[in-house]
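# Descriptive structure summary
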Amino acid sequence: MSQITNGEQSQGQINFTQGAQINVSYPVILLVGKTGAGKSTLGNLLLAQPHDDGPFYVSADMESVTQECGTATISIDGIMYNIIDTPGIFDTQLVTDKILEEIADTINKCTYGIKAILFVFEAKRFSAEQRNVLEGIRKFFGEGATNYIIAIFSHATKAQIRDRDIMRKAWNEPVCSFIEDIENRWGISPNSDYYHPDDPVHKARLEQEEARRQKEEEEKRIKQEHEEKLKEIARKEAEEAHKRKVEQMEREQKAKREQEENLKRKQQQEAEERHRQMVEKLKQEERERQIREENLRKKQQQEAEERHRQMVEQMRREQEREEELRRQREREWEEKLKRQREEEELRRQREREEYLRRQREREEYLRRQREKEEELRKQREREEYLRRQEQKRLEELYNERRRMLEQLQREQERERRLQEERNRSYDDDDCFSLDTKVQLASGKFIEMAKIQIGDRVCSNVRNGELEFSEVYLISHLGHYDHFLKMTKIEFTKSDGQKGQIRTTPSHCIFREDMSILYAKDVVPGVTKILILNEINELVPAVVDNLTTEEDTGYISFYTRAGTVIANNVMCSCYDDCPQSQTLMDLAFVPIRLWTNVFPSNHRQEELHPYVKILEIAYRNWCNASNIINNCPTVILLIMIIVLFFIFV
């Protein structure tokens, strides 16, 4: 069993800079790695101590709790070693030249130097911080330090600890390259989260150590008895020879000690010289790094000033263009006012002529009236005759009106059947096709068929940043048992790639001026729609082609922003509605407020009740009269108020 000696300080931290725990006659095993990698935990486990209650202090902080190194001694196969823990000396900002000198001086005092460097890092990808630690080891100990490095993976999973092949499969390319550089020397630090002191793995380890200790004691006892017998047999015969041999050995040992002392002094001087050169080299590299950083900062400042100057110049030119446009608009407005004044003068002249014409007609009417009075007498004689004729005409008129009423009833019945057919056709007006893609807040692109309530999808772009809005309602989705018509809009992106989007004909999309229009009203070669480019900007693109296709899948959903970027096209969430994004946002205020308190779980083929009520009300107003075309705002507000009271 390993023999362990260590000294504890009052605060549970090991400090070899006081010279109390290190044995200069033992070789060194060095524990290195970034802060929090598990070096102290590994040291305690090597000493058969609890991982968080051993001679090496374990901290949960990401900063090194001390700038001094911990040390302890351990016996491995009968050979004593110094274990030195260097907590974060290659990645903390608190390390000074004095601390590096103390570490080098302490290691140089050890007669046999460093026998192994245990490089501890987490069993994850090989990060830039771990590469910095490795570079620090090579700079501090020289390029030859690679020959002494053993990689130790910490924080491994239970499966990786039990099966080394699983650990190998988890390596990325930098880790594989690093393991090859150190000639495949690596191991796994037991994870205390999986193997506590009472775990069978620990118990088995203690049993193995106890069996090895008993075997060593038995071999030692047998060897001691054998040696005692040999000594007893040869004691009398070789006593004199032994004395001479002892004297000779003392002389040889004395000479050997002198030689070793000379060699130690020489090695110590060489180590001190290497250390001094290393410290000087590190200081020189630090000065060069500071100079490079200062030069880079000045260059960046100059570039920023140049960009600011160019921006100011560009703003000035834009202001000049805006001023020119303003003057041009003023000239156009003056010309328009002039035309209006001319039209007003022409209108007044026509009114005067009309007044004179009516005066002449009135005079003519009075003249005819006087003539009619002259003829009144004659008309009285025919009055009876005319009365009888009038009665007959009224009877005919009554019969005619009755026939017209019957015809009107037939036309109303035919109109009712047509309206039912239109309502059935409206039910097929269902927004997007299921294969249309949107981008989630995580950056992932999914088809609309996979959208869930609460997903945050890309809905707009502001200052080069994508905006994401919550899906609060899926009005309906599914497949029809018949085909519905889809309008396919084809366009060309700024990078030359082709794009397309499929919606129902009455679905609303955005023009370049942020107004909306139906998909069926797009004119190829004329209409410009807004497209999201590769640098997160909404740019106008001319529609190349407009075709009609058939499909069975459909989905209609609403975001809290009322918009969505589908297949990189800026679209409205509304369809079959007045062409006003603001009015439709207002119409959906009640359901947006309702879903804030009671989230919707509607995901069915049938239309959501709120949306269905809204569409029926809108269509009834459209079919009843033309008022909706003259005052859509008033009617829409009335509908919103009614729906709000229905739901609340």
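Residues numbered from 1 in each chain as written. Predicted model: local features only at pLDDT ≥ 70, side-chain atom pairs only at ≥ 80, totals over all residues. Heavy atoms only, no water.

Of all five residues that make up strand β15 (residues 528-532), four are buried, and the element is covered over most of its length. Where β15 lies against strand β16 (residues 538-559), five bridges are found, and the strand directions are antiparallel. What sits directly across from I531, in β16, is V539. Between the end of β15 and the start of β16, which pair antiparallel, lie five residues, with N536 showing a positive phi angle near 60 degrees. (Buried < 20%, exposed > 50% of the residue type's maximum accessible area, 1.4 Å probe, protein only. Helix = DSSP H or I, 4+ residues; strand = E, 2+ residues; numbered from the N terminus. Pairing = 2+ DSSP bridges.)

Take a nonpolar patch on the surface next. A contiguous nonpolar patch, built from W594, V597 and F598 and spanning about 300 Å² of accessible area, is present on the exposed surface. Looking at the secondary structure, you find F598 in the loop between α11 (589-597) and α12 (609-624). Look at F598 and you get partly exposed, because its relative accessible area is 46%. (Patch = residues over 30% accessible without salt bridge, like charges linked within 9 Å, V, L, I, M, F, W, Y side chains within 5 Å. Areas by Shrake-Rupley, 256 points an atom, 1.4 Å probe, with all protein chains shown as cover. Salt bridge = Lys/Arg side-chain N within 4 Å of Asp/Glu carboxyl O.)

Turning to the environment of F141, a few remarks are in order. By the element assignment, F141 lies in helix α3 (residues 128-141). Between the alpha carbons of F141 and R274 there is a distance of 9.4 Å; along the sequence they are 133 residues apart.

Evaluated as defined, the whole model comprises 38 salt bridges. Of the charged contacts, one joins E361 and R357 as a salt bridge, the two residues approaching to 2.3 Å between their closest N and O atoms. Pair noted here: E361 and R357 are both in helix α8 (residues 239-381), with a separation of four residues, about one helical turn. Classification of E361 by relative accessible area gives partly exposed; the value is 41%. Each of D435, K488, E490, R502, E549 and D551 takes part in salt bridges that share partners, so that together they form one network.

Here we come to the side chain of R502. Mapped onto the elements of the fold, R502 is located in strand β12 (residues 498-503). The exposure class assigned to R502 is buried, which follows from its relative accessible area of 12%. Side chain to side chain, R502 and D551 meet in a polar contact 2.9 Å long. Beyond its immediate chain neighbours, meaning those up to four positions away, R502 contacts F432, S433, D435, T436, M486, T487, K488, E549, E550 and D551. (Polar contact = N/O pair within 3.5 Å; in protein donor to acceptor, adjacent residues only side chain to side chain. Contact = heavy atoms within 4.5 Å.)

What follows is about the confidence of the model for the protein. Per-residue pLDDT for the protein has a mean of 79; in total, 80% of the residues score no lower than 70. The least confident element of the protein, judged by mean pLDDT, is strand β1 (residues 4-5) at 30; the most confident is strand β17 (residues 563-566) at 95. In the predicted structure, residues 1-20 sits below a pLDDT of 50 and forms 45 contacts with residues beyond four places in sequence or in another chain. Scored below 50 in pLDDT, residues 424-428 makes nine contacts in the model with residues more than four places away or belonging to other chains. (pLDDT = per-residue confidence, 0-100.)

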